[in-house]
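Commentary on secondary and tertiary structure
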Amino acid sequence: MKKVFSTILISSLLICAMVFPTNAAQQIHPKIDTIYTEFGPVEIKSTLVVYDSFRSNKKSADLTREVRYNGKTIAEVTLSATFGYDGKTAWVISASGSHTTYDGWSYNSEKISKSGGTATLTASLFKLSAGTIPISFSMTCSPTGQIS
């Protein structure tokens, strides 16, 4: 009887201690593009992560751009946004940017704009010995909640 009670108690405690995720994430495969500037090619790797919400009419996502110049990562810039949608229209609830720079590059003039179901980040990367690299990218939510 003690063994059965102990087994039930331990099983109950393990179930109670389990952590259930609040948001599930779906990572979309990275996409790599090359832009050509006056001082050479710049490679940009884009990774979109969409977080499903328990609320059926709301989704959040992070779109990260890893910027590579001369074979080195010089910056990672992320646009984070939360969208609402109702089947007929979509809108941006909130949007913000974050960044990390490397190898002496600076990050300047960030601007976040919201229009309908689209959030856009614009900024620039600068290094005296290399020049300026403009950064501009957007995330859009469809009326049915598809983020691209």
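None of the values given here were measured: they were computed from a predicted structure.

Observations regarding the nonpolar core
- One finds Ile74, Leu121, Leu125, Met139 and Ile147 to be the most contacted residues of the largest nonpolar core, which totals 30 residues.
- At the level of secondary structure, the elements contributing two or more residues to this core comprise strand S2 (40-52), strand S3 (58-69), strand S4 (72-85), strand S5 (90-101), strand S7 (118-127) and strand S8 (131-140).
- Element by element, the count of residues in this core is highest for S4, at 7 residues.

Things to note about the pattern of salt bridges
- This model, assessed by the stated rule, comprises 4 salt bridges.
- One salt bridge connects aspartate 103 with lysine 72, and the closest N-O pair in it is separated by 3.9 Å. You can see aspartate 103 sitting in the loop between S5 and strand S6 (106-115) and its partner lysine 72 sitting in strand S4, a full 31 residues away along the chain.
- Note that aspartate 103 and lysine 127 form a salt bridge whose closest N and O atoms lie 3.5 Å from each other. Residue aspartate 103 is found in the loop between S5 and S6, and its partner lysine 127 is found in strand S7; the two are separated by 24 residues along the sequence.
- Through salt bridges with shared partners, a single ionic network connects Glu43, Glu66 and Arg68.

The rules behind each value
- Residues numbered from 1 in each chain as written.
- Predicted model: local features only at pLDDT ≥ 70, side-chain atom pairs only at ≥ 80, totals over all residues.
- Heavy atoms only, no water.
- Core = buried A, V, L, I, M, F, W, Y, C linked by side-chain atoms within 4.5 Å.
- Buried < 20%, exposed > 50% of the residue type's maximum accessible area, 1.4 Å probe, protein only.
- Helix = DSSP H or I, 4+ residues; strand = E, 2+ residues; numbered from the N terminus.
- Salt bridge = Lys/Arg side-chain N within 4 Å of Asp/Glu carboxyl O.

In short, shape yes, function no, at least from these values alone.
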